[in-house]
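What follows is the residue order along each chain.
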Amino acid sequence: MTATDTLTPFSSLSPREGLDFDAVLRTYEAVSRILPETPAWSYPLLSAEAGVDVVVKHENVQPTGAFKVRGGVALMAALSPEERRRGVVTASTGNHAQSLAWAGARSDVPVTVIVPAGAPARKVAAVRALGARVVVEGDTMCDSLAHAEALSLSEGMRMVSPGDEPAIVLGHATVYLELFRRHRGLRTVYTPVGSGSGAAGACLVRDVLAPECWVIGVQSSTAPAAHRAWKSGKPATVHSHTRVAGLAVGASFALTQSVLGRSLNDFILVDDDDIQRAVGLMSTHAHTLAEGAGAASLAGLMADPARRGPCAVVCTGGNADDGELAAIADFADSAVTDMALTC
């Protein structure tokens, strides 16, 4: 697809459409017109390290480097003509912002993104390069979301929630439609959780195509809002302290929790060091550059004493920041040392 290609509205989608499998199929019609299916491979070294057969779904190869571009495409296809004219505003630490910016540029829809002060500089630069207006506001995602909502009211733009958007959840569900169609014998799928849109999408597809397969959410223990809401059945707000930008979400979302509460089989918390080790494993054992959020599902698999194979992890993104890149080199060096000591 070239920079001059555009998205066209997909009239059978609605931004308030119910979350069900039929809606996922209709959304896939729109998404697959723009984005080709991503690969899902097994790697012998990774499976040996995990002790079970592991499939890696490679969303890191998307044009924005992350699975969220599917949600951006689905959202733009679902907007009304008036919403397309007025433009959209959202808050994001990077990947969700890039997804809307990428899809908006191809739909002639103006996109404004509010980012917290600590958002990764490379991701912010990528959002600007895609043509979106970027406003730095707030210390946390909750602060940025509040500013986005205020800007939506003052400038008449369509507010796009990172989690409470049916079209985005349906777009993210198309990852798992591809996965379950290609790998029908899976017993467990691990999926990272920030807002929960990906995990909710996984559940929507699993319930129809692979009802015996478990879907397990994985979240940083230092940003556990969604986990707390899932455990309690009540909305939760917890200040995020995670270093993993893609998981730095401080509040649960009602829409995704409505799916996770009834369908998610289990939910694992891992610490940031576990996630960083999984980033290293993805690099050395699966030939894959993953950002922290993209390796979180592998961290959950490695932390799960009851892991059941064959299983799948989704590398949701490859937009690693400088700290993650540096830590990959440290991990690789230590892995080589360990191998030498055992020989």
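What counts, and where the lines are drawn
Residues numbered from 1 in each chain as written. Predicted model: local features only at pLDDT ≥ 70, side-chain atom pairs only at ≥ 80, totals over all residues. Heavy atoms only, no water. UniProt positions renumbered as here; feature names shortened; annotations may be inferred. Buried < 20%, exposed > 50% of the residue type's maximum accessible area, 1.4 Å probe, protein only. Helix = DSSP H or I, 4+ residues; strand = E, 2+ residues; numbered from the N terminus. Arc of directions from axis to C-beta. Contact = heavy atoms within 4.5 Å. Pairing = 2+ DSSP bridges. Axes fitted to C-alpha atoms, helices over the stretch in contact; angles between N-to-C directions. Core = buried A, V, L, I, M, F, W, Y, C linked by side-chain atoms within 4.5 Å. Domains from an automatic or database assignment. Buried area = accessible area lost by both parts, 1.4 Å probe. Salt bridge = Lys/Arg side-chain N within 4 Å of Asp/Glu carboxyl O.

Per an unreviewed UniProt entry, the chain goes by threonine ammonia-lyase and derives from Actinomyces johnsonii F0542. The Cofactor (unreviewed entry) field of the UniProt record for the chain holds the comment "pyridoxal 5'-phosphate". Among the UniProt annotations of the chain, the heading Catalytic activity (unreviewed entry) holds the following wording: "L-threonine = 2-oxobutanoate + NH4(+)".

When we look at burial in helix 6 (residues 121-129), the residues that qualify are Lys123, Val124 and Val127. Within helix 6, the buried residues cover an arc of 100° as seen down the axis, which keeps them to one side. Facing away from the buried side of helix 6 by more than 90 degrees, the exposed set consists of Ala121 and Ala129. Packing partners of the buried residues in helix 6 comprise helix 5 (95-105), strand 4 (111-115) and strand 5 (133-136). Looking one or two residues past helix 6, Gly131 carries a phi angle of roughly 100°, positive in sign.

The next thing to look at is the UniProt feature "domain: Tryptophan synthase beta chain-like PALP" (unreviewed entry) in the chain. Per the UniProt record, "domain: Tryptophan synthase beta chain-like PALP" (unreviewed entry) is annotated on residues 36-309. In residues 36-309, helix accounts for 49% and strand for 15%; the two terminal C-alpha atoms are 27 Å from one another.

Taken together, 4 strands build an open sheet; the order of strands is 5-4-3-6 and the sheet is parallel. With one partner strand each, in any of the chains shown, strand 5 and strand 6 (158-159) form the two edges of the open sheet. Where strand 3 (residues 88-91) meets strand 4, 4 bridges bridge the pair, whose relative direction is parallel. Across the sheet, the residue bridging to Thr90 is Val113, located in strand 4. Where helix 6 meets the sheet, it contacts strand 4 and strand 5, and its direction lies at approximately 145° from that of strand 5.

In this section: the nonpolar core. Counting residues in hydrophobic clusters, the biggest one holds 37 residues, and the most contacted among them are Tyr176, Leu179, Phe180, Leu186, Val189 and Val205. Put simply, the parts of the chain that give this core at least two residues each are helix 1 (21-32), helix 8 (166-182), helix 9 (197-209), helix 10 (225-232), helix 11 (254-263) and strand 10 (311-315). Top contributing element to this core by residue count: helix 8, with 8 residues. The residues touching Tyr176, leaving out its near neighbours within four places in the chain, are Val189, Thr191, Gly198, Gly201, Ala202, Val205 and Val314. Within the second largest apolar cluster, 30 residues are counted, among which are Val52, Val56, Val244 and Ala295.

A word on the domain arrangement of the chain. Splitting the chain by domain gives domain 1 (29-67 + 165-331) and domain 2 (68-159). Inter-centroid distance (C-alpha atoms) of domain 1 to domain 2 is 22 Å. Listed per partner, the contact involves 32 residues of domain 1 and 23 residues of domain 2. Of the roughly 2,200 Å² buried between domain 1 and domain 2 on both sides combined, carbon and sulfur atoms contribute 63%. Counting across the domain 1 and domain 2 interface gives 4 salt bridges. The salt bridge partner of Glu59 is Arg70, with a shortest N-O separation of 2.8 Å.

What follows covers unusual backbone geometry. With an omega of 0°, the peptide bond between Gly309 and Pro310 qualifies as cis. As for its position among the elements, Pro310 is in the loop between helix 13 (292-303) and strand 10. The residue Asp108 is not glycine, and still its phi comes out positive at about 60°. When you line up the elements, Asp108 lands in the loop between helix 5 and strand 4. Classification of Asp108 as exposed rests on a relative accessible area of 63%. We note that His287 has phi near 55°; this positive angle belongs to a residue other than glycine. Topologically, His287 is positioned in the loop between helix 12 (272-286) and helix 13. Note on His287: relative accessible area 67%, which makes it exposed.

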